[in-house]
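# Architecture at a glance
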Amino acid sequence: MNLPTRLLLGLGLCVCLMGAARTDQAPSHVSAERTESGWQLRRNGDIYVVKGAGGDQSLQALKDAGGNSIRLWDYADAGPIMDEAHRLGLTVTLGIWLGHERHGFDYSDDAQVAAQLERVRQAVLTYRDHPALLIWGLGNEMEGFADGDNPAIWEAVNEAAELVKSLDPHHPTMTVTADIGGERIRFVHEFCDAIDIHGINSYGGAPSLPARLEKAGAHKPYLITEFGPNGAWEVPLTDWGAPLEPTSSEKAASYATTYRANEADSNTPSLGSYAFAWGSKIEITDTWIGMFLRDGSRLAAVDTMQQLWSGQAPDNRAPELSRIDLGSSSRFEPGDVITARTTASDPDDDTVTVRWRLLPESGELVTGGDARAIPPPIEVSIKSEGDGAVQVELPDTPGNYRLYATAYDGQSNAATANVPLQVLGEPRTYFPLSVYHEDLAGMPWVPSGWMGDTDALTLTDSNAAYDGERAIQIRFAGRAWAGIAWQHPANDWGDQPGGFDLTGAKRLELWARGEYGGERVTFGVGLLEDDVAYPDSGKRQTKSIELSDQWRRYEVSLRGLDLSRIKTGFVVTLTGRQTAVTIYLDRIRFTR
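A quick note: this is a predicted structure, and the numbers were derived from the prediction, not measured. (Residues numbered from 1 in each chain as written. Predicted model: local features only at pLDDT ≥ 70, side-chain atom pairs only at ≥ 80, totals over all residues. Heavy atoms only, no water.)

## As for the sheet that holds strand β3 (residues 46-47)
The strand order across the open sheet built from three strands is β1-β2-β3, with neighbouring strands paired in antiparallel fashion. Edge positions in the sheet fall to β1 (30-35) and β3, since each of these pairs with one other strand and no more. Summarising the sheet, β1 and strand β2 (residues 38-43) pair through six bridges and their orientation is antiparallel. Paired with Ala-32 across the strands is Leu-41, a residue of β2. (Pairing = 2+ DSSP bridges. Helix = DSSP H or I, 4+ residues; strand = E, 2+ residues; numbered from the N terminus.)

The structure is reproduced here in structure tokens:
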């Protein structure tokens, strides 16, 4: 898992500094110390065991549940969050995002590494005296998901840690890896002398971490920096490759298993853990990752962590849902009317209401935690039959779908379950097909192809929309150029099959504007040429366009273009200038 949960779009690396350190109280002094019984984290002289969560949705709820710390993935916009944490008596592991090669960062490029090091410097100078600061988190899974054995990455991590220590000797340094497979233990221990703590993101393998670390010869103290339910890469799949998501109750049990396994083990130097994610996060599905729903409803994982942190169950607990039963098959004909069943219950005997939705499947098993958006619900007939059963009239469009059930108890608690299903037939492309709309952000292509000066580039969402409530905001603070390609599969530059047949589309249209006017951009379709294994079947882009500060419609004509395999659904490039360039994009779609 990766980026800050408050980011709703894209893969941005924020380089701006917003907020400043508090000066109304002395900064904390934190250290990791070895004792006869193992490692301990000490804060202002007292032993400190991290009982935390990753995210920032409701710090008051975290405090009330008995938690004592939060983890942030990057320091952008961290000031107000850290102030609120300090007010509540919580600490913060403050991340400094380090570039990922899959996002275009090149650790062999001295200029990129130097610019990244300067961002590290600015982060430390800004927040080193904040009284809520606990640990500096240098990077998150920047080593990738293979063996993690690129020496250049680890040299850059250690150089960053050395800089942090020279500027702030009073807070430990930590780097965070994607579990401990491959060469991660060796590189963290042998290449990173300036790293005090090994942060480990682990899901299905988290209960066995103590044993695996001991077997690998690890001797540095560690924090579990993300844990939760089994990921989509760790569960059974349907015949067509759709992962089977656990129910919210089953996920809660996973949190408990991991926490207890690591708390009970006295042979390894654990300093505590951060449950993930304290908030809602769209990844793989609408509900897989997150201890809350998007409407703020608490799931059973929150109850579980409160019991573990404080020793006391909440006054009112989340309801439960059984797995959804579709009968003897999960494959159906277009337009079939099917019956789905689940059982809802509530430990406090509250009245439970179950709501159902049918959504298209995303089709992207992205394991990097990159923020995604979920397709909108399909408007189909869903009729209750009572006793937890409903009739669902399936759409006429062939494809993969997922049926969701959500139970509410009227006390701000909820439960979730879902099941994948397939409507048989030859998949078809229907127009208009959205690349981006606020209800269809990032689908079916993903804004993962970052180009040019990516250090100076950010992509977030904005409420300055043309149509609806949200739009894409892209900011470029460099002097040369940068761009983003919407890709399928995500992060693919032509090595994998994928893409969509858009035959019949006549144009790509979008709405765009600049922050002030005069911003220069190009828009396009297709990027990959015949020098890769799986190119785009065609490509076309506009000439350089000067944007207005008002919304205007632009289009790329597709007439005469081979659209049989479009892997790069949209490309935008920005030209830098002396001041930062900010543009807004909305309603990007292919039409006939």
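## Things to note about the pattern of salt bridges
Counted by the stated rule, this structure contains 24 salt bridges. Measuring nitrogen to oxygen at the nearest pair gives 2.6 Å for the salt bridge that ties Glu-245 to Lys-251. Given a relative accessible area of 2%, Glu-245 falls into the buried group. Here Arg-317 ties to Asp-348 by a salt bridge, and the two come within 3.3 Å at their closest N and O atoms. Here the residue Arg-317 occupies a position in the loop between α8 (300-310) and β14 (320-321), and Asp-348 occupies one in the loop between β17 (344-345) and β18 (353-360), the gap between them amounting to 31 residues. When its relative accessible area of 33% is taken as the criterion, Arg-317 is described as partly exposed. The partly exposed category is assigned to Asp-348, whose relative accessible area is 24%. Through salt bridges with shared partners, one network takes in Arg-507, Glu-509, Arg-553, Glu-555 and Arg-589. (Salt bridge = Lys/Arg side-chain N within 4 Å of Asp/Glu carboxyl O. Buried < 20%, exposed > 50% of the residue type's maximum accessible area, 1.4 Å probe, protein only.)

## A short note on the sheet that holds strand β20 (residues 389-393)
Strand order in the open sheet formed by three strands is β16-β20-β19, and the pairing between neighbours is antiparallel. Of all the strands in the sheet, the pair left with one neighbour each is β16 (337-341) and β19 (382-386). Each strand axis lies, on average, 25° off the axis of its neighbour in the sheet, ignoring direction. Both β16 and β20 contribute to a ladder of five bridges, which runs antiparallel. Across the sheet, the residue bridging to Val-337 is Glu-393, located in β20. (Axes fitted to C-alpha atoms, helices over the stretch in contact; angles between N-to-C directions.)

## Side note on unusual backbone geometry
Backbone torsion omega between Phe-276 and Ala-277 reads 0°, so that peptide bond is classified as cis. With an omega of 0°, the peptide bond running from His-488 to Pro-489 counts as cis. Within the secondary structure layout, Pro-489 lies in the loop between β27 (481-487) and β28 (507-514). For Glu-141, which is not glycine, the phi dihedral falls at a positive 55°. Along the polypeptide, Glu-141 turns up in the loop between β7 (133-140) and α4 (151-167). Here Glu-141 falls in the buried class, since its relative accessible area comes to 3%. In this structure, Arg-587 takes a positive phi of about 50° despite not being glycine. Looking at where Arg-587 falls in the secondary structure, it is placed in strand β34 (residues 581-591).

## Focus: the packing of aromatic side chains
Applying the stated criterion to the full structure yields 15 aromatic pairs. Summarising the aromatic geometry, the rings of Phe-227 and Tyr-255 are spaced 5.8 Å apart at their centres and angled 65° between planes, so their arrangement reads as edge-to-face. Residue Phe-227 is found in strand β10 (residues 222-227), and its partner Tyr-255 is found in helix α7 (residues 248-264); the two are separated by 28 residues along the sequence. Plain terms: the ring middles of Tyr-466 and Trp-551 are 6.0 Å apart, the flat faces sit at 55° to each other, and that makes the pair tilted. Here Tyr-466, found in the loop between β25 (457-462) and β26 (471-476), pairs with Trp-551, found in the loop between β31 (545-546) and β32 (552-557); they are 85 residues apart in sequence, far enough to count as distant. Residue classification places Tyr-466 among the partly exposed residues on the basis of a relative accessible area of 32%. Here the aromatic residues Trp-486, Phe-523, Tyr-554 and Phe-570 are joined through ring pairs into a cluster of three or more. The cationic tip of Arg-355 hangs over the ring face of Tyr-408; the distance from NZ or CZ to the ring centre is 4.5 Å. A cation over a ring is seen here: Arg-357 above Tyr-404, with NZ or CZ 4.9 Å from the ring centre. (Phe/Tyr/Trp six-rings, centres within 6.5 Å; stacked < 30°, edge-to-face > 60°. Lys NZ or Arg CZ within 6 Å of the ring centre and 35° of its normal.)

## Things to note about the packing of helix α3 (residues 110-127) against α4
In contact at an axis separation of 10 Å, α3 and α4 are set at 30° when each is read in the N-to-C sense. On the basis of their axis angle, the class for α3 and α4 is roughly parallel. As α3 packs across α4, the resulting crossing turns out to be right-handed. Only Ala-156, Glu-159, Ala-160, Leu-163, Val-164 and Leu-167 of α4 make contact with α3, whose side of the interface consists of Val-113, Leu-117, Val-120, Arg-121, Val-124 and Leu-125. (Parallel < 35°, antiparallel > 145°, perpendicular 65-115°, else oblique. Left-handed = near helix turned anticlockwise from the far one by under 90°. Contact = heavy atoms within 4.5 Å.)

## Some details on the pairing of β10
Where a strand is regular, its side chains alternate between the two sheet faces. Taking burial as the measure, the six residues of β10 include six buried ones, the bulk of the element. Relative to β10, strand β9 (residues 197-201) runs parallel, the two sharing four bridges. The residue of β10 that forms the bridge with Gly-199 is Leu-223. Where the polypeptide runs from β9 across helix α6 (residues 209-216) and back to β10, its parallel neighbour, the crossover connection is right-handed. With three bridges joining them, β10 and strand β11 (residues 270-276) adopt parallel strand pairing. Following the sheet pairing, Ile-224 is matched in β11 by Ser-273. (Right-handed = clockwise from strand over helix to strand, strands pointing away.)

## Remarks on α8
A large share of α8 lies buried, amounting to nine of its 11 residues. Taken together, the buried positions of α8 are occupied by Ala-300, Ala-301, Val-302, Asp-303, Thr-304, Met-305, Gln-306, Leu-308 and Trp-309. The first or second residue beyond α8 is Gly-311, which carries a positive phi of 80°.

## With respect to α6
Count 3.6 residues to each turn of an α-helix, and residues three or four apart come out pointing the same way. Of all the residues in α6, the buried ones are Leu-209, Pro-210 and Leu-213. Seen end-on, α6 carries its buried residues on one side only, within an arc spanning 100°. Exposed positions of α6 whose direction lies more than 90 degrees from the buried face are Ala-211 and Lys-215. One or two positions beyond α6, positive phi appears at Gly-217, with a value near 80°. (Arc of directions from axis to C-beta.)

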